[in-house]
Amino acid sequence: MAIFLISFTESLFQPIPPYPFIVSAPLFKLNTYVAGFVAFAGNILGALVAYYLASFFGEAFVKRLLGEKLYLKGESIFNKYGFFAVIVGEPYKLVCWLSGIFKMPVMTFLIASAIARSLRISAFVFFGNLLEKFLH
């Protein structure tokens, strides 16, 4: 549950990513694949919430939330790269909010997010598996 909540809120507003918790899952007798899946689900659901909140509350709200400088930088990158900005963009919460503001089609956003998050989380699952093997 904690990994889900951290992943969910990371997509919205908080700065702590779920990655250290995925890698350290074996220390807590958790399966790294399950931890990775839970983190992925939390990230995607949180991303959808951020996307729709941005669409609902609008540009002025997101500018206040992110700050003018970060917003303008994100806008420039997002307008230039679109789909690929979601795949490689960090911080992820910025990408989620900007996708909603700039009206990226929700399926395009979800596909790009699924690619980006699955690749990133898979890398940390791999390191969690290495830790598990080291511990045994």
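That block above? That's the structure.
The rules behind the values
- Residues numbered from 1 in each chain as written.
- Predicted model: local features only at pLDDT ≥ 70, side-chain atom pairs only at ≥ 80, totals over all residues.
- Heavy atoms only, no water.
- Helix = DSSP H or I, 4+ residues; strand = E, 2+ residues; numbered from the N terminus.
- Rg over C-alpha atoms; globule rule 2.2 N^0.38 Å.
- Buried < 20%, exposed > 50% of the residue type's maximum accessible area, 1.4 Å probe, protein only.
- Polar contact = N/O pair within 3.5 Å; in protein donor to acceptor, adjacent residues only side chain to side chain.
- Contact = heavy atoms within 4.5 Å.
- Core = buried A, V, L, I, M, F, W, Y, C linked by side-chain atoms within 4.5 Å.

J.: Could you give an account of the overall build of the protein chain, naming the residues involved and the relevant values?
T.: From N to C terminus, the protein chain includes seven helices and zero strands. The C-alpha atoms of the protein chain give a radius of gyration of 16 Å, which matches the 14 Å a tight globule of 136 residues would have. By its C-alpha atoms, the protein chain is 50 × 25 × 25 Å across when sized along the principal axes. Relative to its 136 residues, the protein chain shows a buried fraction of 42%.

J.: Report on the side chain of Gln14, specifying residues and quantitative values.
T.: Relative to the helices and strands, Gln14 resides in the loop between helix 1 (2-10) and helix 2 (19-23). Under the relative-accessibility criterion, Gln14 is labelled buried at 11%. A distance of 2.5 Å separates a polar atom in the side chain of Gln14 from the backbone nitrogen of Ile16. Beyond its immediate sequence surroundings of up to four residues, Gln14 is in contact with Ile6, Thr9 and Lys93.

J.: Which residues make up the nonpolar core, and what values do they have?
T.: The biggest cluster of nonpolar side chains holds 23 residues, and the ones touching the most others in it are Val62, Leu66, Val86, Tyr92, Trp97 and Phe109. Counting only elements with at least two residues in this core, the list comes to helix 3 (32-66), helix 4 (68-81), helix 5 (83-88), helix 6 (92-101) and helix 7 (106-135). Not counting the four nearest positions on each side in its chain, Val86 is found in contact with Phe78, Val95, Ser99, Met104, Phe109, Ala112, Ser113 and Ala116.

Take it as geometry only, folks, not as evidence of what the structure does.
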